[in-house]
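Descriptive structure summary
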Amino acid sequence: MDQHQKKKIAPIVITLLVILYYLFYFCLIISVVPMIFKILLAVIPAALGGAMVYVCIERIKEIDGGEEDDLSKY
């Protein structure tokens, strides 16, 4: 396995775990709260999940570009 491939595993796994957590949260909310709150409370995990996917894609681009240590910029 290529060195770059190994470094991509952690961001992808963490992203999947966080998105699964948000899905679990949303399913829990659907079963408990009234309809008007379901819509409002569904927006928060959806937005956070989208942001998480965006950050994961950006991190994978950094790794592909040779920027394995993102703290080296600072």
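Coordinates for the structure precede this section.
First, a word on what this report is: a plain description of the structure on this page. Being a predicted model, the structure only gives us computed values, none of them experimental.

1. Re a nonpolar patch on the surface
A contiguous nonpolar surface patch, about 540 Å² in accessible area, is contributed by Ile9, Val13, Ile14, Leu17, Leu20 and Leu23. You can see isoleucine 9 is positioned in helix H1 (residues 3-32).

2. Overview of the side chain of threonine 15
Tracing the sequence through the fold places threonine 15 in helix H1. If we skip the residues at most four places from it in the chain, threonine 15 touches Met52, Val53 and Cys56.

3. Some remarks on the packing of aromatic side chains
Here the structure, examined in full by the defined rule, presents one aromatic pair. Seen from their ring centres, tyrosine 21 and tyrosine 22 are 5.9 Å apart, and the 55° between their planes marks the pair as tilted.

4. Remarks on the pattern of salt bridges
For the structure on display, the rule yields three salt bridges. For lysine 61, the salt bridge goes to glutamate 58, with nearest N and O atoms at 3.9 Å. Remark: glutamate 58 and lysine 61 occur in helix H2 (residues 35-64); sequence separation between them is three residues, near one turn of the helix. Between glutamate 62 and arginine 59 there is a salt bridge; the shortest N-O distance is 2.9 Å. Residue glutamate 62 and its partner arginine 59 are both found in helix H2; the two are separated by three residues, about one turn of the helix. Residue glutamate 62 is classed as partly exposed on the basis of its relative accessible area, which comes to 24%.

5. Structural notes on the side chain of lysine 8
Turning to its location among the elements, lysine 8 is positioned in helix H1. Given a relative accessible area of 14%, lysine 8 falls into the buried group. At 2.7 Å, the side chain of lysine 8 and the side chain of aspartate 64 are in polar contact. If we skip the residues at most four places from it in the chain, lysine 8 touches Ile60, Ile63 and Asp64.

Cut-offs used in this document
- Residues numbered from 1 in each chain as written.
- Predicted model: local features only at pLDDT ≥ 70, side-chain atom pairs only at ≥ 80, totals over all residues.
- Heavy atoms only, no water.
- Patch = residues over 30% accessible without salt bridge, like charges linked within 9 Å, V, L, I, M, F, W, Y side chains within 5 Å.
- Areas by Shrake-Rupley, 256 points an atom, 1.4 Å probe, with all protein chains shown as cover.
- Salt bridge = Lys/Arg side-chain N within 4 Å of Asp/Glu carboxyl O.
- Helix = DSSP H or I, 4+ residues; strand = E, 2+ residues; numbered from the N terminus.
- Contact = heavy atoms within 4.5 Å.
- Phe/Tyr/Trp six-rings, centres within 6.5 Å; stacked < 30°, edge-to-face > 60°.
- Buried < 20%, exposed > 50% of the residue type's maximum accessible area, 1.4 Å probe, protein only.
- Polar contact = N/O pair within 3.5 Å; in protein donor to acceptor, adjacent residues only side chain to side chain.

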